[in-house]
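Chains, contacts and geometry: an overview
Each chain is listed here by its residues.
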Amino acid sequence: MDVNDANKDIRFIKDILNKTQFDISKTWLFFVFIGVVNFLNIMAKEAGYYILNSAVNISKLAWYVLRSADWVAFLIISVAYFFFFIELRKTGNDLSKSLLKMWGCLILGSKIIIKVFCYFLEDGYVGLNESFVRVTEKFIYFILIEFGFLTMGILVHDIKLICGITLFAALYLGSLIGRFAIKVGTIHGNDVIISAQDLVMSVLLSLGMILCGFYLRHRRTNKGGNQ
Amino acid sequence: MEINNIPDIFSSKLRLAAIAALIEGPKTFSELKDITKSTDGNLGAQLSKLEGNGVLVVEKTFVNRKPQTTYGLTDEGRAIFREYVDLLDSIIKGNK
């Protein structure tokens, strides 16, 4: 055995160790799935606004259907999460399993806890203004999602992931401070407006998740694990 | 460990890959297959050799009523791997 052989073996061992320790690529489909569901949810709501705008009479039922789109998406993601979790439990490494558990708590668990918390803020004992509660609710959710991505980036030592999520955080805070609003539809002459931070949040949860999923897959294919 | 008495277990890339993959902790057969990108037959044969050499321990369990084989490194296997890596390191540094 000479220096070249020794170097080759060391590189080979490092590759295997990187694959073993930092490989979270098996979670890629989970992120893509969440992103696609959220994206379809946004599209469905846009289509809903368009249909309601062209309808002569807007029934209460139509409003309920449109407003329940978020919960339908939440339900689909919850069911899918358990399928992904069962699948990963069979083949995934400890890091992937821990990350999926964390994302389960962040995406599913936190949504319910925040809703209950905000319900009490708004209606119960505190009685805060509704719009303030909504902004707070979304802000807490965004912080948790950011925390998830940041933790993931740090755990797998991925600087690109950390930079990407920091950019989203900057955009969100910028739009929150700037109080920009964007028109997303019209219903019988009345504009449907969402805030810019809501748009950033939607992009993160849809296109951001899809990109993240494909990035994790690409990362494994090209680097064998660690960056 | 010296250059002229490197154990035979390190002569195969697949065996080396399997040992390296197990350093972090036990793995199932399918996990090892995925990490090493090998076929069932080849991996099974190499893992049997490692088991025969006392490098690996095998545990057979049932998960959701399906048999699952988990492999882990023995203390001896861990020590041999460490010695091998030290040897590679010293070759690169020009001490051997």
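Parameters at a glance
- Residues numbered from 1 in each chain as written.
- Chains lettered and ligands numbered in written order.
- Predicted model: local features only at pLDDT ≥ 70, side-chain atom pairs only at ≥ 80, totals over all residues.
- Heavy atoms only, no water.
- Contact = heavy atoms within 4.5 Å.
- Buried area = accessible area lost by both parts, 1.4 Å probe.
- Salt bridge = Lys/Arg side-chain N within 4 Å of Asp/Glu carboxyl O.
- Polar contact = N/O pair within 3.5 Å; in protein donor to acceptor, adjacent residues only side chain to side chain.
- Helix = DSSP H or I, 4+ residues; strand = E, 2+ residues; numbered from the N terminus.
- Axes fitted to C-alpha atoms, helices over the stretch in contact; angles between N-to-C directions.
- Parallel < 35°, antiparallel > 145°, perpendicular 65-115°, else oblique.
- Left-handed = near helix turned anticlockwise from the far one by under 90°.
- Nonpolar A, V, L, I, M, F, W, Y, C, P; charged D, E, K, R; others polar.
- Pairing = 2+ DSSP bridges.

Listed as interface residues are 22 residues of chain A and, on the opposing side, 24 residues of chain B. Buried area between chain A and chain B, summed over both chains or domains, comes out near 2000 Å², and the portion from carbon and sulfur atoms is 64%. Three residues stand out in chain A for area buried against chain B, namely Met-1, Ile-13 and Thr-20 of chain A, and they jointly supply 26% of the buried area on that side. Remark: the boundary between chain A and chain B carries one salt bridge. The partner of Lys-13 of chain B in a salt bridge is Asp-9 of chain A, and the shortest N-O contact between them spans 2.8 Å. Along the contact surface separating chain A from chain B lie two residue pairs in polar contact (both at pLDDT 80 or more). If one sorts the elements of the side of chain A that touches chain B by residue count, helix α1 (residues 3–22) of chain A sits on top with 13 residues.

Residues and elements named next belong to chain B. Interaxial distance between helix α1 (residues 13–22) and helix α2 (residues 29–36) falls to 10 Å at its minimum, and their mutual angle equals 120 degrees. On the basis of their axis angle, the class for α1 and α2 is oblique. Classified by chirality, the crossing of α2 by α1 is right-handed. Residues Leu-14, Ala-17, Ala-18, Ala-21 and Leu-22 of α1 form the contact with α2, whose participating residues are Leu-32, Ile-35 and Thr-36. When its residues are assigned to classes, the contact of α1 with α2 shows seven nonpolar, one polar and no charged.

Residue and element names in this part refer to chain B. Taken together, three strands build an open sheet; the order of strands is β1-β3-β2 and the sheet is antiparallel. Each edge of the open sheet carries a strand with a single partner, namely β1 (27–28) and β2 (56–63). Relative to strand β3 (residues 66–73), β1 runs antiparallel, the two sharing two bridges. By the bridge assignment, Lys-27 is partnered in β3 with Tyr-71.

Let's shift gears to the packing of helix α6 (residues 130–155) of chain A against helix α7 (residues 159–178) of chain A. Axis angle and axis distance: for two packed helices, these are the angle between their axes and the distance between the axes, and together they describe the pair. Residue and element names in this part refer to chain A. The geometry of α6 relative to α7 is characterised by a closest axis approach of 8 Å and an angle of 165 degrees between their N-to-C directions. As far as their axial angle goes, α7 and α6 are roughly antiparallel. Here α6 runs over α7; the crossing is left-handed. Residues Val-135, Lys-138, Phe-139, Phe-142, Glu-146, Phe-149, Leu-150, Met-152, Gly-153 and Ile-154 of α6 touch α7, and the partners they reach there are Leu-161, Ile-162, Ile-165, Thr-166, Phe-168, Ala-169, Tyr-172, Leu-173 and Leu-176. Here the residues of the contact of α6 with α7 sort into 15 nonpolar, two polar and two charged.

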